[in-house]
Amino acid sequence: MDRNRLVEQLKAIADSRNAIAETIDVAELWDVLAPEADWIDLPTMTGLCFPHATDDDHESAVIRAMFQSRHHFRFKPDRFRPHTQAEMDAIIAQEQEAAKQQRLIEAGAAWIQSVRSGTKVDRPAEHQVIVDILKSYFLFDKESPHCESAREIIKQAGLNTSEEIFNHLVAVGEWCTDENVDLLRYRIPVFFSPETQKRADTAAAKPTDGAWHDGRTDLTHLSTLTIDGQSTLDFDDALSIEIRDDHFLVGIHISDVAQLIRKDDLLDQEARSRGSSIYMPDNRISMAPPVLAENRLSLKKDHVRPTISTMVKVKRNGDIISYDIFPSLIRVDHQLSYFEANMSTEAGNAITLLHDIATRFREKRMSQGAIQIILPEINVWIDENGAPVINRVNRESPGRMLIAEMMILSNWLSARFLAENKIPAIFRSQPKPKSRILKNGSGTLFQNWMQRKLLNRFVLRPTPEHHCGLGLDAYVTASSPIRKYFDLVTQRQLRAALGLEQPYTHKEIETIIEQLARPMADVGRIQFRRNRYWLLKHLEGRIGEKEEAIVLQKRRNAYAILLKAYMIECNLPQSTGINLKPEDLVQVTIQHVNARNNILSVFLG
């Protein structure tokens, strides 16, 4: 036969066999054969379907009928086995789910296309499901349980980048332009559960007299002050100073958070899961409910508060004579911002004396090998119009410097106290740096920046070891128990040494360190990324402007540089004929910035 006649004949045969297949009632056949549940060969099955005459056309018809209706029989080319009822139900459910998924994909793709084109259409019935799929894929990519469905939706919709997914979610009002996706990506709870909030309200409503004060030393006669940032709401440390005959008595008073947040209760479990308060330019997420963190536990002016006080006898020359740690009551008299502390006249004498003691304590640490890295801090906050405002903060101003050193002093003495009492705690140590650039606490901006890169990571363990960076033989952090769970744990160990509760064991401290490693790393990443996001958001409005930068090092095809005004690193492409070296000052022009995608491009200006 020629090709055309052959094709016509094959089509006729296929049509004939399909027509025969349509006469086979597969469901009825399954009813008869299901009780046996055995494999049946093709000739036998054909004989059952066509008892009077069978040939190749009938066998082909049986195969076609089984292939078109796969619910009832499992088949191979030459044999068949009836599915059990459970198997058949599972197959039908799977097909229905696949059909549902396909409808979902088509509806999602059509919806995205309509939004992009500006066409007004009703949201699909599966709107929230589609949104959840897109959110999950944007946040977790291949780790998303909806990865395959999301990829099909965006493929059919013609999306090419994750940024387009983000833009769609903004366009339909699910996210805002400046959505903090890291909070979602790391599953950070922004609010507290009703149960936790109720427990916090109950704790905050407890009376503040009677048994609450038993056994505490009343220090409410002391003139105490707090110095914090202007927007601070949770005050967990206060200072006092008294002039004695031949020495000063310096008081460092830390809010006794463990008095209300008891070990292993609901509030403690919540604080432990969070690990730390999170501070960002556009949001503050507290470790404890605000009714406690910003009110009952906060050392607010004119309110009597329970504290753990460290009273330090200091000679006129700054040498420490002795110290004592005990539970106390204080009442804050002066609540100052750093700016107010630098300008204060009312508390000026106390601040001057504290600053002098802080300076001498720092000098002692430096003589013991401490590495004092001095870098400006870039403070970012959001104004009433939602725009980022940049403020360069001098961390060596009198107020900031004295607070930093007083907290280091308090933490060091707490570490010594715990070590002397052989109580395990979350001791913080640090090995020597990979290399030392700074000498005697001085250095250029470049040297300070590079020295920070050469520091080794701190180590947490239940027993004390030397902290090279601070120049101290032992160190804990116990001065921010409202904001950091590690500090709350250490405060409980101090309370245990004072007979106020039972201490954690060595093993329990190890477990806490291990459990909080991931949450604390997440908190650090979130704060860093959010601060950088808003810095880049600010720079998006400065395209084409020139900035001074320091060359840090040469890379393969670029130089790493530091924009001095923003203390932010980026790459500078190498230019032909220009050879730069570390610490060179250059002028660059901002070329392209995309905060959402963490892009900052500059060229030599």
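Refer to the structure printed above.
Residues numbered from 1 in each chain as written. Predicted model: local features only at pLDDT ≥ 70, side-chain atom pairs only at ≥ 80, totals over all residues. Heavy atoms only, no water.

Focus: the overall build of the chain
The secondary structure content of the chain amounts to 18 helices and 20 strands. Taken over C-alpha atoms, the radius of gyration comes to 35 Å for the chain, far larger than the 25 Å a tight globule of 605 residues would show. Taken along the three principal axes of its C-alpha coordinates, the chain extends 125 × 70 × 50 Å. The buried share of the chain, taken over its 605 residues, is 46%. In the chain, 68% of the contacts between residues at least 6 apart in sequence involve partners at least 24 apart. For the chain, the exposed area adds up to about 30,600 Å²; of that, 49% sits on carbon and sulfur atoms. The distance from the centre of the 76 positive side-chain charges to the centre of the 81 negative ones in the chain is 8 Å. (Helix = DSSP H or I, 4+ residues; strand = E, 2+ residues; numbered from the N terminus. Rg over C-alpha atoms; globule rule 2.2 N^0.38 Å. Buried < 20%, exposed > 50% of the residue type's maximum accessible area, 1.4 Å probe, protein only. Contact = heavy atoms within 4.5 Å. Areas by Shrake-Rupley, 256 points an atom, 1.4 Å probe, with all protein chains shown as cover. Lys, Arg positive; Asp, Glu negative; His and termini not counted. Charge placed at Lys NZ, Arg CZ, Asp CG, Glu CD.)

Comments concerning helix H16 (residues 445-454)
Turning to H16, its buried residues number three or more, namely Leu445, Phe446, Asn448, Trp449, Met450 and Gln451. Turning to H16, the residues buried within the fold contact strand E16 (546-554), strand E17 (558-563) and strand E18 (568-573).

With respect to the sheet that holds strand E1 (residues 40-41)
Hydrogen bonds between backbone groups are what pair the strands of a sheet, and the pairing can be parallel or antiparallel. Overall, antiparallel pairing links the 3 strands, which are arranged E1-E3-E2 in an open sheet. For this open sheet the edge positions go to E1 and strand E2 (73-76), each flanked by a neighbour on one side alone. Summarising the sheet, E2 and strand E3 (residues 79-82) pair through 4 bridges and their orientation is antiparallel. Along E3, the bridge assignment pairs Phe73 with Pro82. Across the sheet, helix H2 (residues 26-33) touches E1, E2 and E3, and the angle it forms with E2 is around 95°. (Pairing = 2+ DSSP bridges. Axes fitted to C-alpha atoms, helices over the stretch in contact; angles between N-to-C directions.)

Concerning the nonpolar core
Ile561, Leu563, Val588 and Leu600 are the most contacted members of the largest nonpolar core, which totals 34 residues. Elements supplying a minimum of two residues to this core: strand E12 (377-382), H16, helix H18 (506-539), E16, E17, E18, strand E19 (585-594) and strand E20 (599-604). Look past the residues within four positions of Leu563 in its chain and what remains in contact with it is Glu547, Glu548, Ala549, Ile568, Cys570, Val588 and Leu600. Ala347, Ile357, Leu402 and Leu409 belong to the second-largest nonpolar core, a separate cluster that totals 32 residues. (Core = buried A, V, L, I, M, F, W, Y, C linked by side-chain atoms within 4.5 Å.)

What about the sheet that holds E20?
Spatially, 5 strands are ordered E18-E17-E16-E19-E20 in an open sheet, and the strand pairing comes out antiparallel. In this open sheet, the two edge strands, each paired with only one partner strand, are E18 and E20. Shown here is a sheet whose adjacent strand axes are inclined to one another by a mean of 50°, direction ignored. Bridge count between E16 and E19: 5 bridges; the pairing is antiparallel.

A short note on the pattern of salt bridges
For the structure on display, the rule yields 34 salt bridges. With a closest N to O distance of 2.7 Å, Arg495 and Asp256 form a salt bridge. Of this pair, Arg495 sits in helix H17 (residues 485-497) while Asp256 sits in the loop between strand E7 (247-255) and helix H11 (266-274), and the two are 239 residues apart along the sequence. For the pair formed by Arg495 and Asp256, the shared burial category is buried. Of the charged contacts, one joins Arg365 and Glu405 as a salt bridge, the two residues approaching to 2.7 Å between their closest N and O atoms. Linking Arg365 in helix H14 (residues 348-367) with Glu405 in helix H15 (residues 398-420), this pair joins segments that are 40 residues apart in sequence. By relative accessible area, which is 1% here, Arg365 ends up buried. Each of Arg216, Asp256, Arg495 and Glu501 takes part in one network of salt bridges that share partners. (Salt bridge = Lys/Arg side-chain N within 4 Å of Asp/Glu carboxyl O.)

Some details on unusual backbone geometry
A positive phi angle, close to 70°, is found at Asp302, a residue other than glycine. Examined against the element boundaries, Asp302 turns out to sit in the loop between helix H12 (290-296) and strand E10 (304-315). You will see that Met567, though not glycine, has its phi angle at about 50°, which is positive. By secondary structure assignment, the location of Met567 is in the loop between E17 and E18.

A look at a nonpolar patch on the surface
A surface patch of nonpolar side chains, amounting to about 400 Å² of accessible area, comprises Met1, Leu6, Leu10 and Ile13. Among the secondary structure elements, Met1 is positioned in the segment before helix H1 (3-21). Overall, the relative accessible area of 63% leaves Met1 in the exposed class. (Patch = residues over 30% accessible without salt bridge, like charges linked within 9 Å, V, L, I, M, F, W, Y side chains within 5 Å.)

Quick word on the packing of H11 against H18
Relative to each other, H11 and H18 sit at 60°, their axes nearing to 8 Å. In terms of orientation, H11 lies oblique with respect to H18. Across the interface between the two elements, Arg272, Ser273 and Arg274 from H11 touch Thr511, Ile512, Gln515, Leu516, Pro519 and Val523 from H18. Of the residues assigned to the contact of H11 with H18, the class counts are 4 nonpolar, 3 polar and 2 charged. (Parallel < 35°, antiparallel > 145°, perpendicular 65-115°, else oblique. Nonpolar A, V, L, I, M, F, W, Y, C, P; charged D, E, K, R; others polar.)

Looking at the side chain of Asp234
Mapped onto the secondary structure, Asp234 falls in the loop between strand E5 (224-228) and strand E6 (237-243). A polar contact is formed between the side chain of Asp234 and the side chain of Tyr279, at a distance of 2.6 Å. Beyond its immediate sequence surroundings of up to four residues, Asp234 is in contact with Tyr279, Ala293, Ser298, Ile482 and Arg483. (Polar contact = N/O pair within 3.5 Å; in protein donor to acceptor, adjacent residues only side chain to side chain.)

Description of the packing of aromatic side chains
Scanning all chains against the criterion turns up 7 aromatic pairs. With a centroid separation of 5.7 Å and an interplanar angle of 40°, the aromatic rings of Phe138 and Phe166 are classed as tilted. Here Phe138, found in helix H6 (residues 127-140), pairs with Phe166, found in helix H8 (residues 162-171); they are 28 residues apart in sequence, far enough to count as distant. One exposure class covers both Phe138 and Phe166, and it is buried. Both rings, one in Tyr533 and one in Trp534, keep their centres 5.3 Å apart while their planes meet at 85°; by these two values the pair is edge-to-face. Per residue, the accessibility class of Tyr533 equals that of Trp534, and both read buried. Among the aromatic side chains, those forming a connected cluster through ring pairs are Phe67, Phe75 and Phe80. Over the aromatic face of Trp449 sits the side chain of Arg452, whose NZ or CZ is 4.5 Å from the ring centroid. (Phe/Tyr/Trp six-rings, centres within 6.5 Å; stacked < 30°, edge-to-face > 60°. Lys NZ or Arg CZ within 6 Å of the ring centre and 35° of its normal.)

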